[in-house]
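# Structural characterization, general
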Amino acid sequence: MKEQILALLEQTVTRLKEQQVIAADFTPRLQIDRTRDKSHGDFASNLAMMMAKAAGKPPRELAQMICDALPESSVIEKVEIAGPGFINFFVADNALAGQIKAALNDEHFGLKLPARETVVVDLSSPNLAKEMHVGHLRSSIIGDAVARTLEFLGHNVIRQNHVGDWGTQFGMLLAYMEEKRAENTEISMALSDLESFYRAAKGRFDESEDFANRARELVVALQSGDQQCLALWREFNDVSLAHCQEVYEKLNVKLTRDDVRGESAYNDDLAQVVADLEAANLLQEDQGAMCVFLDEFKNQQGDPLPVIVQKKGGGFLYATSDLAAVRYRQNQLNADRILYFVDQRQGLHFQQVFTVARKAGFLNDNTKAEHLGFGTMNGEDGKPFKTRSGGTVKLIDLLNEAEQRAYDLVKQKNPDLSENELRHIANVVGISSVKYADLSKNRSSDYIFSFEQMLSFEGNTAPYLLYAVTRVANILVKAKDIDFIGSELQLEHDKEIELANALLKFSEVVLKVAERGTPHTLCTYLFELSGIFSSFYEACPVLAADNDAARDTRLQLSVLTERTLKAGLSLLGIETLERM
Ligand code: ARG
């Protein structure tokens, strides 16, 4: 609907240019917005105000000229001029029906797919030395939701799990693996809890000089490609990645071992990166370290900030691997767009990496690189989420607790469910509650994690939406013997029209999520759609409608509502239930 009206406006502008009302080289940015109050029509445009100055006419007068020049269209029933010169469009009801039919008959809901791009999505990317903690929830699920949305729109999405699998802490971990092996401890057992393994290794490092020396030796051996050392390192990473995989499966995040391309993958390229920066005249030595100084980034004293790419001793840094990664994504993966779902606090790092990469020619001018940062997940005290004793919370423990709480809740509400069904529902409700609570918040703000809130059946929560889906599904189950899908759509009741309009908004929202990386806009939409469906259902009996035509219309609206809710939730990586 929106695209059609925009196309009409575009033709109108061309006509006005022909009539020399505005200059031929003046190109206004065409925009229409949905109105809040339906008595003002369905869409409003401020085009007259935007062109008034260029046309040298009062906005209301120009608005009238626009209306006069507007091509005939079956989509629009009438236009009205309001206030200082807004043009309000009233969409014809039969046009609405046509669009609903089109959406019902199309797997993309009638959406016009954008030009196909190759989009690299950097997501999850935990450090393998430790277990995934709550901070990795956001990078995994927000990245996954946006990746799914881009795939839905037909883009070529390449997921990259840029895990931290290299660096000095591995010396300490490998030294401790050696010790454990010498004691005949099964390595996979010792690594079953990475958190305690890391702590124990650190303990040994701090208490024993010999151990610390061995750890340092192993770092050097690892870096110089010693085969035995590499084998040990691979073994460690395998176990750690298996832990991650378990979390991804529980979370229903689409990531596999094939998506892993960690920091270590760029090792062999790091010296070349530095050499190429040198060749591009970007490198400067500062106190023995190799740096790129950018005028774009200054410290509080106004001096340019360095991006360090090689330390005094020769070691490379986080920024160096990111420069190698960005070049790989550009040249090998042929990215048109690269998205990074990483904590907001790394904002400066990414701005610097992107700037250096562009100057060095690692990143083409027309390739978009975007850091889509996110805020912190806080506890109910408003401080970063911690265990009662102040430790970091393992993601897997948090998910298990959510499932347990959902189990208790569902059992209490529905004591007659079989144990199997109860487990399944608890799993879906628990996990989707954690995910939805996170995805529904504006990505860039911090948020407070509260089991109580996320598991509530009221408000913008997963249980509310999952329940809404089962309600629509229920109606449709009861109608399974009715042949309604081919019937004509007759949108008459206000609530039918409101629901139809809300359903058609889905495509706009999906496009927005893909463009801005904001799953919360989809959550808000699905929540509103559920509310609109509820009030439609209250006002418009479906199976008990007065006549078959009304019943069939309402059933078709229900089908599209069910499909839209399910599709929306699946873009968010959220499973739905048949009953709960
Ligand atoms: N491993 C890093 C961390 O846990 C995140 C990596 C994000 N991706 C990147 N390309 N730098 O903080």
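Heads up: these notes are all about the structure in this document. Note that the structure is predicted; figures quoted are calculated from it, not measured.

### What about the environment of Arg34?
Residue position: Arg34 is located in strand E1 (residues 32-34). Arg34 gets classed as partly exposed once you look at its relative accessible area, which sits at 22%. Placed 54 residues apart in sequence, Arg34 and Asn88 show a C-alpha to C-alpha distance of 9.5 Å. Not counting residues within four places of it along the chain, the set of residues in contact with Arg34 comprises Asp42, Phe43, Asn501, Leu504, Lys505 and Glu508. Engagement of the side chain of Arg34 in a polar contact is seen with the side chain of Glu508, the distance being 2.8 Å.

### Regarding the packing of aromatic side chains
As enumerated under the stated definition, the model contains 17 aromatic pairs in all. Ring geometry for Phe109 against Phe506: centres 5.0 Å apart, planes inclined by 65°, an arrangement best described as edge-to-face. Residue Phe109 is located in the loop between helix H4 (93-104) and strand E5 (118-122), and its partner Phe506 is located in helix H19 (residues 506-516); the two are separated by 397 residues in the primary sequence. Neither residue differs from the other here; Phe109 and Phe506 are each classed as buried. With a centroid separation of 4.9 Å and an interplanar angle of 65°, the aromatic rings of Phe385 and Phe449 are classed as edge-to-face. Linking Phe385 in the loop between strand E12 (377-378) and helix H14 (395-413) with Phe449 in the loop between strand E13 (447-448) and helix H16 (451-454), this pair joins segments that are 64 residues apart in sequence. The pair formed by Phe385 and Phe449 is uniform in burial state, with each residue classed as buried.

### Thoughts on helix H5 (residues 135-152)
In this model H5 runs 27 Å from its N-terminal to its C-terminal C-alpha over 18 residues, within 8% of the 26 Å that 1.5 Å per residue would give. Counting buried residues along H5, 16 of its 18 residues qualify, which places the element largely inside the surrounding structure. Phi for Gly154, located one or two positions after H5, is positive at around 90°.

### Side note on the packing of helix H20 (residues 519-539) against helix H21 (residues 548-571)
Where H20 contacts H21, the two axes come as close as 10 Å, and the packing angle between them is 160°. Classed by the angle they form, the pair H20 and H21 counts as roughly antiparallel. The element H20 and its partner H21 pack so that their crossing is left-handed. Judged by residue contacts, Leu522, Tyr525, Leu526, Leu529, Ser530, Phe533 and Phe536 of H20 engage Arg554, Leu557, Ser558, Thr561, Thr564, Leu565, Gly568, Leu569 and Leu571 from H21. Its residues assigned to classes, the contact of H20 with H21 shows 10 nonpolar, five polar and one charged.

### Structural notes on the site of the ligand
Surrounding the ligand, one finds Asp122, Ser125, Asn127, His136, His162, Tyr318, Asp322, Tyr340, Val342, Gln346 and Phe350. Measuring from an oxygen atom of the ligand, one finds a side-chain N or O atom of Gln346 at 3.1 Å. Coverage of the ligand by the protein amounts to 87% of the 340 Å² it exposes when considered alone. Along the lines of polarity and charge, the residues of the shell around the ligand split into four nonpolar, five polar and two charged.

### Details of the packing of helix H1 (residues 2-18) against helix H3 (residues 59-69)
Contact geometry of H1 with H3 gives a least axis separation of 9 Å together with a crossing angle of 110°. Taken together, the axis directions place H1 and H3 in an arrangement best described as roughly perpendicular. Two secondary-structure elements touch here, H1 through Leu9, Thr12, Arg15 and Leu16 and H3 through Met65, Ile66 and Ala69. Class assignment of the residues belonging to the contact of H1 with H3 gives a composition of five nonpolar, one polar and one charged.

### Looking at the sheet that holds strand E8 (residues 289-298)
Read from one edge to the other, the open sheet built from three strands follows the order E7-E8-E9, with strand pairing classed as antiparallel. The sheet is open, and its two edges are formed by strand E7 (283-286) and strand E9 (304-310), each paired on a single side. In this sheet, neighbouring strand axes are inclined to one another by 50° on average, regardless of whether the strands run parallel or antiparallel. Contacts from helix H13 (residues 347-359) reach E8 and E9 within the one sheet, and its direction differs from that of E8 by about 100°.

About the thresholds
Residues numbered from 1 in each chain as written. Predicted model: local features only at pLDDT ≥ 70, side-chain atom pairs only at ≥ 80, totals over all residues. Heavy atoms only, no water. Helix = DSSP H or I, 4+ residues; strand = E, 2+ residues; numbered from the N terminus. Buried < 20%, exposed > 50% of the residue type's maximum accessible area, 1.4 Å probe, protein only. Contact = heavy atoms within 4.5 Å. Polar contact = N/O pair within 3.5 Å; in protein donor to acceptor, adjacent residues only side chain to side chain. Phe/Tyr/Trp six-rings, centres within 6.5 Å; stacked < 30°, edge-to-face > 60°. Expected span 1.5 Å × (residues − 1). Axes fitted to C-alpha atoms, helices over the stretch in contact; angles between N-to-C directions. Parallel < 35°, antiparallel > 145°, perpendicular 65-115°, else oblique. Left-handed = near helix turned anticlockwise from the far one by under 90°. Nonpolar A, V, L, I, M, F, W, Y, C, P; charged D, E, K, R; others polar. Near = heavy atom within 4 Å. Areas by Shrake-Rupley, 256 points an atom, 1.4 Å probe, with all protein chains shown as cover. Pairing = 2+ DSSP bridges.

Shape is all these values report; function is a separate question.
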